[in-house]
Amino acid sequence: MIKINYSKDFDKNKYYEKISKKYFYISKNKSLESKIKSYPTDKITLEEIFNYFKENKIEDFHNIFEKISFKCLIIGNFRAIKKIKESLKSIKKNDGINFIFNYTNLQSNTIKPFFEDNLLISTCYYCNIDFINVYSKKKVKKNKFTLDHYFDKSTYPYLALSLYNLIPSCYTCNSKLKGTIEFNNLSPSSKKYNFDEKVKFKVKLATSCNDLHIKSKRDIDLELKEMYSKDYNVFIEKMFLNERYAIHKDIVYEMIAKAELYPESRLKELQNLTGIPFQQIKKDIFNLVDENEDLSKKPFSKLIKDISDELGIN
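Here's what I pulled together on the structure shown here. (Residues numbered from 1 in each chain as written. Predicted model: local features only at pLDDT ≥ 70, side-chain atom pairs only at ≥ 80, totals over all residues. Heavy atoms only, no water.)

## Concerning the pattern of salt bridges
Okay, so step 1: This model, assessed by the stated rule, comprises 11 salt bridges.
Okay, so step 2: Here Lys85 ties to Glu182 by a salt bridge, and the two come within 3.0 Å at their closest N and O atoms. Placement of the pair is Lys85 in helix 5 (residues 78-87) and Glu182 in the loop between helix 8 (171-178) and helix 9 (195-198), with a sequence separation of 97 residues. The pair formed by Lys85 and Glu182 is uniform in burial state, with each residue classed as buried.
Okay, so step 3: Of the charged contacts, one joins Lys283 and Asp290 as a salt bridge, the two residues approaching to 2.9 Å between their closest N and O atoms. (Salt bridge = Lys/Arg side-chain N within 4 Å of Asp/Glu carboxyl O. Helix = DSSP H or I, 4+ residues; strand = E, 2+ residues; numbered from the N terminus. Buried < 20%, exposed > 50% of the residue type's maximum accessible area, 1.4 Å probe, protein only.)

And the structure:
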């Protein structure tokens with residue numbers, strides 16, 4: 001739902017350094033035929049890897065990764081890893097590849113700490129409902145996020161460590177709903193991701209409501225509607241976004257009630273009485289989201305932005 005805004009200070013090369021130090025010594029940085037320097041649990045030589053593949057009748061390691069740069073595999077953008085996925089889609093699952101690209105061994109001590117230190121994570125990028133922020137406990141960093149593999153790591157184990165394949169998300173989205181679905185290859189880590197532009201929250205009031213006069217949230221129906229394309233319909237359906245947001249209709253109810261209580265004339269009176277600028281009063285009352293504000297910073301910011309636009313109070 002929310003595009004990941006990687007800041008100018010977000011240094012993907014730091015991630016590459018952390019991963020390559022744990023796994024490979026990259027002398028020329030050309031392919032995965034590089035000599036393995038160390039492994040999180042054991043020290044393994046390249047010869048031992050090849051022998052493992054041979055003994056288990058696994059396709060030759062050289063043939064699989066002959067033309068793929070290790071660096072591109074680890075920190076290539078979403079478009080790059082998508083191409084890698086397509087080029088290797090015929091590769092069968094095997095324990096050898098799982099063994100090399102073992103996400104579990106690096107998850108806690110390398111990968112999650114990198115996200116904690118280098119990306120300002122506040123809410124789930126899939127749903128924008130839950131806070132998944134980093135916090136401190138006894139001077140130790142903790143977090144409330146899980147890292148979803150957009151391209152499932154069990155299906156594409158060679159993408160298990162790829163930076164732009166990792167999406168900070170809440171437990172519900174990652175573990176309960178998404179599973180192995182790829183949603184037409186539209187990921188919050190992609191430059192082309194434009195859910196906010198293509199999909200808008202729309203509110204429908206009961207026929208008994210006149211001029212926004214509503215008695216309770218039962219008078220409201222809320223729905224995500226895609227405009228100009230059908231790229232995100234499956235995502236909305238499979239992540240149960242309409243059903244999940246229906247539980248939070250009270251947010252919209254309060255916005256509509258305030259719109260009735262604070263018409264523009266009343267807001268101008270408050271400006272004259274307090275000296276506070278009109279737009280600031282409106283923002284404070286309606287909890288508005290600034291036009292260029294990063295929607296990932298607050299829960300329900302996408303909902304608030306879309307409904308305030310529809311109500312004409314932005």
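Right, picking up where we left off after that structure.
## Focus on helix 8
Okay, so step 1: Looking at helix 8, one finds that the buried residues are Cys173, Asn174 and Lys178. With its buried residues spanning 95 degrees around the axis, helix 8 presents them on a single face.
Okay, so step 2: Residues of helix 8 that are buried in the fold lie against strand 3 (146-149), strand 4 (166-169) and helix 11 (241-246).
Okay, so step 3: Following helix 8 by one or two positions, Gly179 has its phi on the positive side, about 60 degrees. (Arc of directions from axis to C-beta. Contact = heavy atoms within 4.5 Å.)

## Some words on the packing of helix 12 (residues 249-261) against helix 15 (residues 301-311)
Okay, so step 1: One can describe the packing of helix 12 onto helix 15 by two numbers: an axis separation of 11 Å at closest approach and a directional angle of 35 degrees. Where helix 12 crosses over helix 15, the handedness of that crossing is right-handed. Where helix 12 abuts helix 15, its residues Ile251, Val252, Met255 and Ile256 lie against Leu303, Ile304, Ile307, Ser308 and Leu311. (Axes fitted to C-alpha atoms, helices over the stretch in contact; angles between N-to-C directions. Left-handed = near helix turned anticlockwise from the far one by under 90°.)

## Observations regarding unusual backbone geometry
Okay, so step 1: With a phi angle near 50 degrees, Phe240 is a residue other than glycine that sits in the positive phi range.
Okay, so step 2: Along the chain, Phe240 falls in the loop between helix 10 (233-238) and helix 11.
Okay, so step 3: For Phe240, a relative accessible area of 41% gives the class partly exposed.

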